[in-house]
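# Overview (structure and organization)
Listed below, chain by chain, are the residues.
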Amino acid sequence: MASLMRQTPGTPSSPPKLGLTLLHHHPLTSVIYFPNQRRNPTNLTLGLCRCSSSPMTVPSSPKKKRTKYRKQYPGESVGITEEMRFVAMRLRNVNGKKVDPANDKAQEEDDELEGETWSPSKEGFLNFLVDSKLVFETIERIVDESEDVSYAYFRRTGLERCGSLERDLEWFRTTQELAIPEPSQVGVSYAKYLEEEAKENAALFLTHFYSIYFSHIAGGQVIVRRVSEKLLEGKELEFVRWEGDAQELLKGVREKLNVLGEHWTRDEKNKCLKETAKAYKYMGQIVRLIVL
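Heads up: these notes are all about the structure in this document. Being a predicted model, the structure only gives us computed values, none of them experimental.

### Let's talk about the overall build of the protein
- A tally of regular secondary structure across the protein gives nine helices and five strands.
- Across the protein, helices and strands are ordered from the amino to the carboxyl terminus as α-β-β-β-α-β-β-α-α-α-α-α-α-α.
- Burial analysis of the protein (292 residues in total) assigns 40% to the buried set.
- Taking contacts inside the protein between residues at least 6 apart in sequence as the whole, the part at least 24 apart equals 69%.
- Here the protein displays about 19,000 Å² of accessible surface, and carbon together with sulfur accounts for 51% of that area.

Structure, rendered in structure tokens:
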């Protein structure tokens, strides 16, 4: 041990050798032989050191799935009445072209009157007024008498037409000396259908309720005035007169129905859109009574 510790003067001391021999070097792995172990090729103790200088690969996080949003129905962002309006406009064609829903009133007039050869009679016009009275009387009575809380929001809206039609029919009876007919099968069938819908589903009934008023204000009153010009020397019937602005009154009903519609499921709304088509079908049949 003394000889091992003896140093040559002027020679700096060096650390003791550990007796390790580097057998193999690889950029990724170095193999070191420890001589203190028995040199048995089958029993070598090797030290493996990872010496890679390349950066570690971080596993990428899984891509998030895109959220799929359902495509909205036309007018859905505004409310159920706007969806109903788009359905109504799609039902009406002018010269084979779809109607522009942004100009519904003008297009309603063109569809009903322009290009048509109208030969109305007082008898046919009376049939139209009688069936119209039955329909308005039915929806207004249901709303007034029903215990369903949904209907309470649509009472005394200012749009009611039953009283106006009664006065018009009385004018025909006394001034024109015409017998007032009984409602036709068309009007009776529609009134019965409304009664059934009101009992079964408030949403579906209110679809007809709104469509009837909307149709009359948007286009029906135009028909009444045109027929009156041909048959009654332009007399303005009570049917087309309101105490106040009809569009503003309809707006109030529209806003209430849109709020109520927010609580309906998409399935219920889809059923309401189908009922909109039925409402216009029934009302179209009543309008045709004028020329039958």
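Structure shown, so let's carry the discussion forward.
### Remarks on the packing of helix H7 (residues 202–231) against helix H8 (residues 246–261)
- Orientation of H7 relative to H8, taken along the N-to-C sense of each, is 160°, at an axis distance of 11 Å. With respect to their mutual orientation, H7 and H8 come out roughly antiparallel. The element H7 and its partner H8 pack so that their crossing is left-handed. Touching Leu206, Phe209, Tyr210, Tyr213, Phe214 and Ile217 of H7 are Ala246, Gln247, Leu250, Val253, Arg254, Leu257 and Leu260, all from H8.
- Class assignment of the residues belonging to the contact of H7 with H8 gives a composition of eleven nonpolar, one polar and one charged.

### A few points about helix H4 (residues 122–145)
- With 24 residues, H4 extends 34 Å between its outermost C-alpha atoms, agreeing within 8% with the 34 Å of an ideal straight helix rising 1.5 Å per residue.
- When you tally the buried positions in H4, you get 17 out of 24 residues, the bulk of the element.

### Brief notes about the nonpolar core
- Within the largest apolar cluster, 62 residues are counted, with the highest numbers of intra-cluster contacts made by Phe125, Phe128, Leu129, Tyr190, Phe205 and Phe209.
- Within the residue set of this core, elements represented by two or more residues are helix H2 (80–90), H4, helix H5 (162–174), helix H6 (185–200), H7, H8 and helix H9 (266–287).
- The element best represented in this core is H7, accounting for 15 residues.
- If sequence neighbours within four positions are ignored, Phe128 has contacts with Val224, Phe239, Ile286, Val287, Leu289 and Ile290.

### A few points about H8
- Compared with an ideal rise of 1.5 Å per residue, which puts 16 residues at 22 Å, H8 spans 22 Å between its outermost C-alpha atoms and is within 8% of the ideal.
- Among the residues of H8, Ala246, Leu250, Val253, Leu257, Asn258, Leu260 and Gly261 are the ones counted as buried. Relative to the axis of H8, the buried residues are bounded by an arc of 155° and lie together on one face.
- Looking at the packing, one finds that the buried side of H8 touches H2, H7 and H9.
- The opening residue of H8, the one whose side-chain oxygen lies 2.8 Å from the backbone nitrogen of Gln247, is Asp245.

### Considerations on unusual backbone geometry
- Of note, the phi angle at Arg156 is positive, near 50°, even though the residue is not glycine.
- With respect to the element layout, Arg156 can be found in the loop between H4 and H5.
- Phi is positive for Glu233, close to 55°, though the residue is something other than glycine.
- Mapping Glu233 onto the fold places it in the loop between H7 and H8.

### A look at the environment of Gly163
- For Gly163, the location among the structural elements is in helix H5.
- Through-space distance from the C-alpha of Gly163 to that of Phe239 is 8.8 Å; in sequence the pair is 76 residues apart.

The rules we used
Residues numbered from 1 in each chain as written. Predicted model: local features only at pLDDT ≥ 70, side-chain atom pairs only at ≥ 80, totals over all residues. Heavy atoms only, no water. Helix = DSSP H or I, 4+ residues; strand = E, 2+ residues; numbered from the N terminus. Buried < 20%, exposed > 50% of the residue type's maximum accessible area, 1.4 Å probe, protein only. Contact = heavy atoms within 4.5 Å. Areas by Shrake-Rupley, 256 points an atom, 1.4 Å probe, with all protein chains shown as cover. Axes fitted to C-alpha atoms, helices over the stretch in contact; angles between N-to-C directions. Parallel < 35°, antiparallel > 145°, perpendicular 65-115°, else oblique. Left-handed = near helix turned anticlockwise from the far one by under 90°. Nonpolar A, V, L, I, M, F, W, Y, C, P; charged D, E, K, R; others polar. Expected span 1.5 Å × (residues − 1). Core = buried A, V, L, I, M, F, W, Y, C linked by side-chain atoms within 4.5 Å. Arc of directions from axis to C-beta. Polar contact = N/O pair within 3.5 Å; in protein donor to acceptor, adjacent residues only side chain to side chain.

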